[in-house]
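Take a look at the letters that make up each chain.
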Amino acid sequence: MASSGAVSKIKVGVLGATGAVGQRFVQMLQGHPWFEITALCASERSAGKRYADACNWNLRGDMPAHLRDVILQECEPGIDAQIVFSALPASTAGEVEAAFAAAGYGVCSNARNHRYDDDVPLLIPEVNPEHLALIDIQRRQRGWAGFIATNPNCSTTHLVSALHPLHVRFGVKKLFVVTMQAISGAGYPGVSSMDILDNVVPYIGGEEEKMEQKEPQKLLGVFDGQQVRYADFVVSAHCNRVPVRNGHLEAVSVEFEERPSEAAIVQAWQEYRPLAQQLNLPSAPQPAILYNAAQDRPQPRLDRLAGSVPGMATVVGRLRPDPLLHHKFMVLGHNTIRGAAGGSLLNAELIVAQGYLGPEAAALAQSLEVA
Ligand code: NAP
């Protein structure tokens, strides 16, 4: 594949490039300052076809012209890339990602298969960058030249992003969340229009379990040098599919170790400037959290692309007292951008910046930033 400029960039491949999340990767990687797509992969049904023929491009704007004629490859090690972004279904992601990691690739995955492995980071760069040290343990334990890093489920991503600055200051004790999740979260073509129009589906398979028992606790857990000690708080989640195209809205009630004032909560959100923002990573929104004080915001259609990097920020609002727990508020975030491909992309940027892809890649990224 031809290089897009005089300076060579870090080569990346996309696994599952024809799917909903895979297309987002392709879109977000277009013009990326550090990364250049050098391989597109999909199932054996699509392998051997032109990307333009195998992919039903359904994002705003055209498929990048220089990728239309690229021939899709099977999802097997041997492709020309250092990092692979995985947008594979869970039915196949587990084995394929492990094969790539064993063969020396850095795998940044959206799939759930490895999220809860003890030696695999489940990462939100703003929240738990120190968990990246699990990569060293993972390589040692598994004898892999490469590694796997994962990002959380789309609804957990924005919930935990909003909670992190509050957990650090006040300690989350109990959490009650009701999600209103967009249709695109089910992939393409996803939920049938006959099921979702004029309707709300009060069930998303496996989603409540992920939110209640695993992901928030691992993300907000403490890395003790050997393992992540899961945070100790209770979550009750109700997950619903609603007829919105993009953007998950979540109604959250929280009890803290110590009850903060509303002003202290707003201050915690507004003063939040974690590592990803300090490092000025290319896909890091500045700021990470947007507080909207209007009484009827955030709303998916109006706010899902808010912020300096569209779709990457978490928007919070409607903060008010909760008669059951301490406080309640709304959280909104884009599910296929920050909740999927954008989350993985920011993970990869942090991984490169922190030297986990090797010193040469870190130096290259730094030079490209300056260039
Ligand atoms: P999708 O639209 O169904 O796309 C699946 C992709 O994987 C396609 O490129 C498909 O290629 C390829 N594929 C399917 N079976 C394969 C196989 N056996 N071997 C190799 N490639 C295969 O799915 P999606 O919504 O993009 O989701 C991808 C992953 O991201 C899933 O694990 C999902 O849980 C996760 N995720 C999704 C979201 C979201 O908002 N949608 C959010 C967070 C995480 P073909 O075109 O050749 O079939």
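Residues numbered from 1 in each chain as written. Predicted model: local features only at pLDDT ≥ 70, side-chain atom pairs only at ≥ 80, totals over all residues. Heavy atoms only, no water.

### A closer look at the overall build of the protein
In terms of helices and strands, the protein carries twelve helices and 14 strands. In terms of overall dimensions, the protein is globule-like: its C-alpha atoms have a radius of gyration of 20 Å, near the 21 Å expected for 371 residues. Here the C-alpha coordinates of the protein stretch approximately 60 × 50 × 35 Å along the principal axes. Within the protein, the fraction of its 371 residues that count as buried is 56%. Long-range pairs, those at least 24 residues apart, make up 76% of the contacts in the protein between residues at least 6 apart in sequence. On the protein, roughly 15500 Å² of surface is accessible, and the fraction owed to carbon and sulfur atoms is 49%. (Helix = DSSP H or I, 4+ residues; strand = E, 2+ residues; numbered from the N terminus. Rg over C-alpha atoms; globule rule 2.2 N^0.38 Å. Buried < 20%, exposed > 50% of the residue type's maximum accessible area, 1.4 Å probe, protein only. Contact = heavy atoms within 4.5 Å. Areas by Shrake-Rupley, 256 points an atom, 1.4 Å probe, with all protein chains shown as cover.)

### Topic: helix H11 (residues 337–353)
A rise of 1.5 Å per residue sets the reference length of H11, with its 17 residues, at 24 Å; its end C-alpha atoms lie only 21 Å apart and thus fall more than 12% short of the reference. Along its length, H11 shows its largest kink, about 45°, at Gly 343. Burial of H11 is extensive: 16 of the 17 residues sit out of reach of the surface. Just beyond H11, the residue with positive phi is Gly 355, at close to 85°. (Expected span 1.5 Å × (residues − 1). Bend = angle between axes of the 7 residues up to and from the residue.)

### Some words on the site of the ligand
In the vicinity of the ligand lie 27 residues, with Thr 18, Ser 43, Arg 45, Ser 46 and Leu 88 positioned nearest. One of the side-chain N or O atoms of Thr 18 is found 2.5 Å from an oxygen atom in the ligand. Between an oxygen atom of the ligand and a side-chain N or O atom of Arg 45, the distance comes to 2.7 Å. Alone, the ligand offers 910 Å² of accessible surface; in the complex the protein occludes 77% of this. Those elements that provide at least two residues to the shell around the ligand are helix H1 (20–29), helix H3 (90–102) and H11. For the shell around the ligand, a count of residues per class yields 13 nonpolar, 13 polar and one charged. Of the domains in this structure, domain 1 (10–151 + 340–370) and domain 2 (154–334) are the two that each give at least three residues to the shell around the ligand. (Near = heavy atom within 4 Å. Polar contact = N/O pair within 3.5 Å; in protein donor to acceptor, adjacent residues only side chain to side chain. Nonpolar A, V, L, I, M, F, W, Y, C, P; charged D, E, K, R; others polar. Domains from an automatic or database assignment.)

### Regarding unusual backbone geometry
In this structure, Pro 189 follows Tyr 188 across a cis peptide bond, with omega equal to 0°. With respect to the helices and strands, the residue Pro 189 is situated in the loop between strand E7 (172–181) and helix H6 (193–196). Backbone torsion omega between Gln 286 and Pro 287 reads 0°, so that peptide bond is classified as cis. Relative to the helices and strands, Pro 287 is located in the loop between helix H9 (275–278) and strand E12 (289–292). Although it is not a glycine, Asp 198 adopts a positive phi angle of roughly 60°. Along the chain, Asp 198 falls in the loop between H6 and helix H7 (207–219). Phi is positive for Arg 318, close to 50°, though the residue is something other than glycine. Within the secondary structure layout, Arg 318 lies in strand E13 (residues 314–321).

### With respect to the domain arrangement of the protein
Considered domain by domain, the protein is made up of domain 1 (10–151 + 340–370) and domain 2 (154–334). Computed over C-alpha atoms, the centres of domain 1 and domain 2 are 24 Å apart. For the pair domain 1 and domain 2, the two sides together bury roughly 2800 Å², of which 64% comes from carbon and sulfur. When residues of domain 1 are sorted by the area they lose upon contact with domain 2, Tyr 116, Glu 126 and Val 127 head the list and together hold 23% of the total. Connecting domain 1 to domain 2 are one salt bridge. Salt-bridge contacts for Glu 215 lead to Arg 115; the nearest nitrogen and oxygen are separated by 3.0 Å. The set of elements that each furnish at least two residues to the side of domain 1 that touches domain 2 consists of H1, helix H4 (134–142) and H11. Considering each element in turn, the side of domain 1 that touches domain 2 owes the most residues, seven residues, to H11. (Buried area = accessible area lost by both parts, 1.4 Å probe. Salt bridge = Lys/Arg side-chain N within 4 Å of Asp/Glu carboxyl O.)

### Regarding H4
Among the residues making up H4, those that are buried are Leu 134, Ile 135, Ile 137 and Gln 138. Considered in projection along H4, the buried side chains sweep an arc of 160° and stay on one side of the axis. Positioned one or two residues after H4, Gly 143 has a phi angle of 70°, which is positive. (Arc of directions from axis to C-beta.)

### Side note on the state of the cysteines
Disulfide: a covalent bond connecting the sulfur atoms of a pair of cysteines. Following the criterion strictly, the structure yields zero disulfides and no others. Here Cys 41 is not disulfide-linked; the sulfur of Cys 75 is the nearest cysteine sulfur, at 5.0 Å. The structure places no disulfide on Cys 55, whose sulfur is separated from the nearest cysteine sulfur, that of Cys 41, by 13 Å. The exposure class of Cys 55 is buried, given its relative accessible area of 6%. (Disulfide = S-S within 2.5 Å.)

### Here we look at the pairing of E13
Bridge count for E12 against E13 is four bridges, and the pairing is parallel. If you follow Ile 289 over to E13, its bridge partner there is Thr 314. Relative to strand E14 (residues 327–333), E13 is paired through five bridges, and the arrangement is antiparallel. Considered in E14, the bridge of Pro 321 is made with His 327. Adjacent in sequence and paired antiparallel, E13 and E14 are bridged by five residues. (Pairing = 2+ DSSP bridges.)

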